[in-house]
Structures are given as structure tokens and as C-alpha cells.
Amino acid sequence: MKKVLFTLIAILTFYSMDAQNFKPLTAEEKRVIIDKGTEAPFSGKYYLFNKEGIYTCKQCGAALFRSDSKFDAGCGWPSFDDAIPGAVKRVPDADGKRVEIVCANCGAHLGHVFVGEGFTPKNTRHCVNSVSLEFKPLKLPKIVSVPVNEDSIAIFAGGCFWGVEYLMEQQKGVISVESGYIGGRTKNPTYEEVCTKTTGFAEAVRIKYNPKIIDYETLAKLFFEIHDPTQLNRQGPDVGDQYRSEVFYTSDKQKEIALKLIKILKDKGLNVVTKVTKATEFYKAEAYHQDYYKRKGTQPYCHIRTKRF
Ligand SMILES: [Zn+2]
């Protein structure tokens, strides 16, 4: 009897968990959400759908997109130029070219994301299968943009900017990351000029972030973990002072935090060579350097995260 009761409790627990977390899927939903299929274009129920509310994950119910980021791209699938912060994860697609998007909570396949097409000022199209979504009507609270002050810009040089940009962009609260050059002696440098190693410029990223979601210290810690701060004028296979490790601070508070973190690492026995310098003019790099890995749909070769704090 005890055993029967135990089994019964186990079964009930299993089903209540299932009901709570994951909605049972139909065959078509399973084909798209689990097996990463694509619904036929112009067939989905949310393609030409314009009500106010939020779109949630069909499988787990997590809120993914707001209706005010939806637009008609003419492509046959619902398109959104933005996602709810942290709700959608970008992963390189198995095809080696595109960037797949999945629900950050449950991993459900949603579709793909494309950047640089110019449909809206955000220049981003989350192309999503209707089948992966559920619509919930809701009066949406207005988004108030957080003013960007000096403190919400962070500039780091940590080797090849492609990898640093890619990893920083994954952080919740990061608004944008640009690859560029800083700390040199000429004006408007080109990549070729920087590669002559005569200009003094370092490859760097300029990060715009929302200080209400992520703070400078968190970003700076990440910076010290995604590159090797003990390598002088190089990062792995990339050799030369353009690949040096350097924090370019935009306020005294940032300087303090950078020096504090370097001290923590030195106390742990790491021979940190990272320089801490007041930011000078940052020159955005050529377009083909921006979002390099995202466009290629591959992972950085030069940067992986190593826990140091
Ligand atoms: Zn989900």
C-alpha cells in the first residue's frame, strides 16, 4: 500500500510539474519548437495580427516580445525589432550561417534573428514562427528610455574586438556594443593603419549599458574573465600592441573600480598587465568588423570565459 501511495504521489508530482512548466505540444508545434522546423510563410496566425499585448513562449509561457516591437517585414512570419530583455537567447544555427533564437527559459525554438536590414531604427528582425508563440492581450506600460550619462559607457581593450564585442553583447542590460580603436596618436584610423602597429591604437569595444540593469563593476569583472589580463601586448594568437589589455575609464568611479579589481586579481597571484587609462576619442571601426561573429553565426576563437572572481 505504501508503495502504491508513493507511486501515486510521484505520478501526480510529475504531471503537476509538467502542467505547471510545459504545455503539451501538438505534432506541428513539436515539429517547430522541439525539432527546430519552420512553419510555412504567410500561414501563421500572428503574421498579420496587430493587437496590443505580449507574446509568450508556447511551451513554457515566458513573456518574449511586446506588441509595440512587432512590424510587418513582408516575409510571411511575425517580425519583432526587439525582445523583452533577457527573454530570448541567440545561438549559432546548425546551418553555420544564421543566428537561431530560442526561449531563454526553456530553449524552445522560436526562429532566427537578422541584423542590418534597415527595416526599423533598431535594425533588427526577430523572425518568429507563430506556432512558437501565444498572444496575451495586455495594456502595455510605456517604455521610458533611461538617459545615457557618462557612467553608462564602458570602454575595454582585450585583444581582437570581435570576440569581446560578441561576449559583451550577451549580457542583460547591455544596450549596444561597438568595435573600434582608441588610445592612438592619429585621427580617424583605418584597420590597415592600426595593423601597421605604428599608430598606438588598441582594438577596443565601446559598451552602452543600462545602469539600472547592469553595473560597471559587473561588466569590468566580465572583461577580466573573457580575456587574459596577464598577456602583454597580445591575446593568444594575436600579437602586437593593438591587442593589449587596457581599461579606458570615463569617470573616476570607473577608474576606482578597475584598479580595485586589478588588485583583487594580483592578490590572487595573477600578474595582471592591464593598463588603466582615461578614455580618449573612440573611433568606430569599419562596418565589416561590427557584429562579426553574430553575422558569421560562429563562436569566438580568441575569447572564452574563465572564472577569476
Ligand atoms: Zn519557453
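Quantities reported herein were computed from a predicted structural model and do not represent experimental measurements.

Enquirer: What is the right way to look at the overall build of the protein in this model?
Expert: From N to C terminus, the protein includes seven helices and 17 strands. The 309 residues of the protein split such that 31% are buried. When contacts within the protein are restricted to residue pairs at least 6 apart in sequence, those whose partners lie at least 24 apart make up 69%.

Enquirer: Mind showing me how you'd approach the nonpolar core here?
Expert: One broad rule of soluble globular proteins: the nonpolar side chains tend to lie buried together. Grouped together as the largest cluster of nonpolar side chains are 37 residues, with contacts concentrated most on Phe156, Ile182, Ala204, Val205 and Ala220. Within the residue set of this core, elements represented by two or more residues are strand S10 (153–158), helix H3 (161–169), strand S11 (174–182), strand S12 (202–209), helix H5 (216–226), strand S15 (245–249) and helix H6 (252–267). When residues no more than four places from it in sequence are discounted, the contact partners of Ala220 are Val247, Ile257, Ala258 and Leu261. Core analysis: the next-biggest nonpolar cluster, separate from the first, contains 21 residues, Ala87, Ala108, Cys127 and Val131 among them.

Enquirer: Would you mind showing me how to read unusual backbone geometry here?
Expert: Most peptide bonds adopt trans geometry, and most residues besides glycine take a negative phi value. Despite not being glycine, Lys36 shows a phi value in the positive range, around 60°. Looking at the secondary structure, you find Lys36 in the loop between helix H2 (27–33) and strand S1 (53–57). For Lys36, a count of 16 C-beta atoms within 10 Å gives the class partly exposed. Positive phi, close to 55°, is recorded for Asn123, a residue that is not glycine. With respect to the element layout, Asn123 can be found in the loop between strand S7 (109–115) and strand S8 (124–128).

Enquirer: Looking at this structure, I do not really get the sheet that holds S10. What am I missing?
Expert: Within a sheet, neighbouring strands are paired by backbone hydrogen bonds and run either parallel or antiparallel to one another. Across the sheet, which stays open at both edges, the six strands sit in the order S16-S15-S10-S12-S11-S17 with mixed pairing between neighbours. The open sheet has two edge strands with one neighbour each: strand S16 (275–278) and strand S17 (283–284). Strands in contact with H5 are S10, S12 and S15; relative to S10, the strand with the most contacts, it is inclined by about 10°.

Enquirer: Sorry if this is basic, but what is going on with H6 here?
Expert: Count 3.6 residues to each turn of an α-helix, and residues three or four apart come out pointing the same way. In this model H6 runs 22 Å from its N-terminal to its C-terminal C-alpha over 16 residues, within 8% of the 22 Å that 1.5 Å per residue would give. Considered for burial, the residues of H6 that qualify are Gln254, Ile257, Ala258, Leu261 and Ile262. Buried residues along H6 cover an arc of 135° about the axis, so they all sit on one side. Every exposed residue of H6 that faces more than 90 degrees away from the buried side is listed here: Asp252, Lys260, Lys263, Lys266 and Asp267. Buried residues in H6 make contact with H5, S15 and S16.

Enquirer: Sorry, what's going on with the pairing of S11 here?
Expert: Successive residues of a regular strand alternate their side chains across the two faces of the sheet. Judged from the eight bridges that link them, S11 and S12 form a sheet pairing that is antiparallel. Within S12, the position partnered with Glu178 by the bridge is Arg206. By the bridge criterion, two bridges tie S11 to S17 in an arrangement that is antiparallel. Opposite Gly180, over in S17, you have Lys284 as the bridge partner.

Enquirer: Would you explain the environment of Leu270 in this entry?
Expert: With respect to the element layout, Leu270 can be found in the loop between H6 and S16. You can call Leu270 partly exposed: it has 15 C-beta atoms within 10 Å. Put simply, Leu270 and Pro229 are 41 residues apart on the chain and 8.5 Å apart in space, counted from C-alpha to C-alpha. Apart from residues no more than four positions distant in its own chain, Leu270 is found in contact with Thr230 and Leu265.

Enquirer: Whenever I open this one, the environment of Lys187 confuses me. Can you help?
Expert: Summarising the element assignment, Lys187 is placed in the loop between S11 and helix H4 (191–195). Look at Lys187 and you get exposed, because 8 C-beta atoms sit within 10 Å. Sequence-wise, Lys187 and Phe282 are 95 residues apart; in three dimensions their C-alpha atoms are separated by 10.0 Å.

Enquirer: Explanation requested: the sheet that holds strand S4 (residues 79–80) in the structure shown.
Expert: On the basis of which strands lie adjacent, the open sheet formed by six strands has the order S3-S4-S8-S7-S6-S5 and antiparallel pairing. The two strands at the open ends of the sheet, each matched to only one other strand, are strand S3 (70–71) and strand S5 (88–92).

Enquirer: Got a minute to help me understand H5 in this structure?
Expert: Residues of H5 that are buried: Tyr216, Ala220, Leu222, Phe223, Phe224 and Ile226. At its buried positions, H5 is contacted by S10, H3, S15 and H6.

Enquirer: Sorry if this is basic, but what is going on with the pairing of S15 here?
Expert: With five of five residues buried, S15 is to be regarded as a mostly interior element. Here S15 shows no split at all, with Ser245, Val247 and Tyr249 on one side and Glu246 and Phe248 on the other all buried. Where S10 lies against S15, four bridges are found, and the strand directions are antiparallel. When the bridges of S15 are listed, Ala157 appears paired with Glu246. By the bridge criterion, four bridges tie S15 to S16 in an arrangement that is parallel. Paired with Val247 across the two strands is Val276, which belongs to S16. At this point the chain moves from S15, through H6, to the parallel S16, and the crossover so formed is right-handed.

Procedures and definitions
Residues numbered from 1 in each chain as written. Predicted model: local features only at pLDDT ≥ 70, side-chain atom pairs only at ≥ 80, totals over all residues. Helix = DSSP H or I, 4+ residues; strand = E, 2+ residues; numbered from the N terminus. Buried ≥ 20, exposed ≤ 12 C-beta atoms within 10 Å, placed from the backbone. Contact = placed C-beta atoms within 7 Å. Core = buried A, V, L, I, M, F, W, Y, C linked by C-beta atoms within 7 Å. Pairing = 2+ DSSP bridges. Axes fitted to C-alpha atoms, helices over the stretch in contact; angles between N-to-C directions. Expected span 1.5 Å × (residues − 1). Arc of directions from axis to C-beta. Right-handed = clockwise from strand over helix to strand, strands pointing away.

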